[in-house]
Amino acid sequence: MIIDGIKIAQHYKEELRKQVDLLSVQHKRKPRLDVIIVGENPASMAYVKSKIKAADYCGIDGELIRLPSSVSQKELLRVVQSCNADAEVDGILVQLPLPSHIDEQSVITAIAHEKDVDGFHPYNVANLWLNCASIVPCTPLGIMALLESTGIALAGRHAVVVGRSNIVGKPMAKLLLDQHCTVTLAHSRTANLAEVCRQADILIVAVGRAHTITASMVKPGATVIDVGINRTAQGTLVGDVDFKSVLPVAGAITPVPGGVGPMTIAMLMRNTIECYKNRLK
Ligand code: NDP
């Protein structure tokens, strides 16, 4: 089975649009997401464009704040503070990565936690690990929705997550643990990665290196979720999984593009609406 992220994301966005319609009438104001982008990185620009398009579709207002790559950390923090202080703004997203002269964690921490639509603020990270999260990082949340769509039972299954970043791997492991999976978190120092991956009923790969996972690393019938986005020399997008060779072995698999990416964006819309609703309280 190829898991169709575009179709599932579309279903979510339609539901969210209906919610926004209702909320906007009830509270006489639409949710608003402000997106801050620093510099002209083409990949970041493309992601931001997709996010704004999805917000438009869902009826979410917003502003795109573009800053030059030379912007100082102090100025960027000032812009974040002004979004924090603006009562009309429900969600703030600072597109990552930031130029190397800016400390990303300081910027993430400066965002008001109740407007942190990415779920990267230490307050939201702590709440996730304490089982009281309202805002969860978009990519792992989207992956949980993809897994749900397959109908496979998660409890008791062995899930292997390859990649231990703060934005994908670690929160992913926590969400799978919450669903009673036995979780292995693998990374670049994992000894015998192929053997570890072969034990997975559910294999989630977020490495950032094309074709890291080949057919011989996958247990027959496993569910394989490919988070990676890599551009080949020819300019095409590929994941971290060698899709062609793994497809006949896996029970279910996400394509790249058209798998995790659209779900990440749908969950960003979900988080923006959550922030709006939390702020009404
Ligand atoms: P990071 O670079 O922050 O983390 C990569 C992780 O992969 C690290 O934990 C690293 O291990 C591990 N790793 C690197 N090489 C290997 C290897 N050969 N074997 C095993 N593990 C390895 O990346 P992100 O988590 O931010 O992103 C991962 C990928 O997912 C990227 O391609 C990114 O573009 C994509 N992405 C896609 C999204 C989507 O919506 N589809 C959203 C977010 C990311 P170590 O910690 O030891 O260095």
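Check the entry above for the structure.
About the criteria used
Sequence positions are assigned chain by chain, starting from 1 and proceeding in written order. Per-residue local features of the predicted model are confined to residues with pLDDT of at least 70, and side-chain atom pairs are confined, for both listing and counting, to 80 or more; whole-chain, interface and lining totals are unaffected and use all residues. Derived side-chain values reflect all non-hydrogen atoms in the structure, with water molecules and hydrogen atoms excluded from consideration. Here a residue is considered near a molecule or strand provided that any single heavy atom belonging to it is located within 4 Å of it. Side-chain atoms alone can form a polar contact between residues adjacent in sequence; in general such a contact is a pair of N or O atoms within 3.5 Å, and within protein one must be able to donate a hydrogen while the other accepts it. Accessible surface is estimated by sampling points in the Shrake-Rupley manner with a 1.4 Å probe; for residues, cover comes only from the protein chains shown. To define a nonpolar core, start from buried Ala, Val, Leu, Ile, Met, Phe, Trp, Tyr and Cys residues and group those joined through side-chain atoms within 4.5 Å. Buried, partly exposed and exposed residues are distinguished by accessible area as a fraction of the type maximum, computed with a 1.4 Å probe on protein chains only: under 20%, between the cut-offs, and over 50%, respectively. Per the convention used, a helix needs a DSSP run of H or I reaching at least four residues, while a strand needs a run of E reaching at least two, with both numbered from the N terminus. Where each domain begins and ends follows an automated or database-derived domain assignment. The pairing criterion for strands is at least two bridges between them, as found by DSSP. For helices, the fitted line uses only the C-alpha atoms of the stretch in contact; every axis is such a line through C-alpha atoms, and the angle between N-to-C directions lies from 0 to 180 degrees. The contact criterion used throughout is that any non-hydrogen atoms of two residues lie within 4.5 Å. Here the term right-handed applies to a crossover when the path leading from its first strand over the helix to its second strand runs clockwise, the strands being oriented away from the viewer. Patches here are clusters of residues that have more than 30% relative accessible area and form no salt bridge, with a 9 Å joining cutoff for like charges and a 5 Å cutoff for nonpolar side chains (Val, Leu, Ile, Met, Phe, Trp, Tyr). A side-chain nitrogen of Lys or Arg and a carboxyl oxygen of Asp or Glu constitute a salt bridge if their distance falls within 4 Å.

Engineer: What is the right way to look at the site of the ligand in this model?
Structural biologist: Taken together, 20 residues are adjacent to the ligand, and R164, S165, S188, I229 and T264 come closest. The separation between an oxygen atom of the ligand and a polar side-chain atom of S165 is 2.6 Å. For the ligand, a nitrogen atom lies 3.4 Å from a polar atom in the backbone of V227. In the complex, 70% of the free accessible area of the ligand, which totals 920 Å², lies under the protein chains.

Engineer: I'm lost on the nonpolar core in this one. Help?
Structural biologist: As a rule of thumb, soluble globular proteins bury nonpolar side chains together. Grouped together as the largest cluster of nonpolar side chains are 49 residues, with contacts concentrated most on L33, I60, I143, L147, L176, I204 and M269. For this core, the secondary structure elements donating two or more residues are α1 (5-27), β1 (32-38), α2 (42-58), α6 (138-150), β4 (158-162), α7 (169-178), β6 (202-205) and α10 (260-280). When we break this core down by domain, the ones giving at least three residues each are domain 1 (28-114) and domain 2 (138-260). Within the second largest apolar cluster, 18 residues are counted, among which are V160, L193, V196 and A250.

Engineer: Which parts of the structure should I look at to understand the sheet that holds strand β2 (residues 61-67)?
Structural biologist: Neighbouring strands of a sheet are bound in pairs by backbone hydrogen bonds; such pairs are parallel or else antiparallel. As summarised here, the arrangement of the 3 strands in space is β2-β1-β3, forming an open sheet in which the pairing is parallel. The strands lining the two open edges of the sheet, one partner per strand, are β2 and β3 (91-94). Averaged over all pairs of adjacent strands, the angle between their axes in this sheet comes to 15°, without regard to strand direction. In terms of strand pairing, β1 meets β3 through 4 bridges, oriented parallel. Bridging across to β3, L33 finds its partner in G91. With respect to the sheet, α2 is in contact with β1, β2 and β3, its orientation differing from that of β1 by roughly 170°. On the sheet, helix α3 (residues 73-85) packs against β1, β2 and β3 and is oriented at approximately 180° with respect to β1.

Engineer: Looking at this model, I keep getting lost on the pairing of strand β5 (residues 182-186). Mind explaining?
Structural biologist: On a regular strand, one side chain projects to one face of the sheet and the next to the other, so that they alternate. Sheet topology places β4 next to β5; 5 bridges connect them, and they run parallel. Looking at the pairing, A159 lines up with V183 of β5. The β-α-β motif built from β4, the intervening α7 and the parallel element β5 has right-handed crossover chirality.

Engineer: Sorry, what's going on with the sheet that holds strand β7 (residues 223-226) here?
Structural biologist: Taken together, the 5 strands give an open sheet; going across it, the order is β5-β4-β6-β7-β10, and neighbouring strands pair in parallel fashion. One side of each edge strand has no neighbouring strand; the edge strands of this open sheet are β5 and β10 (252-253). Pairing between β6 and β7: 4 bridges, direction parallel. The partner of V205 across the bridge, within β7, is D226.

Engineer: Just checking my understanding: could you explain a nonpolar patch on the surface for this structure?
Structural biologist: A cluster of nonpolar residues, Y47, I229 and L237, forms a patch on the protein surface that exposes about 240 Å² of accessible area. Structurally, the position occupied by L237 is in strand β9 (residues 237-238).

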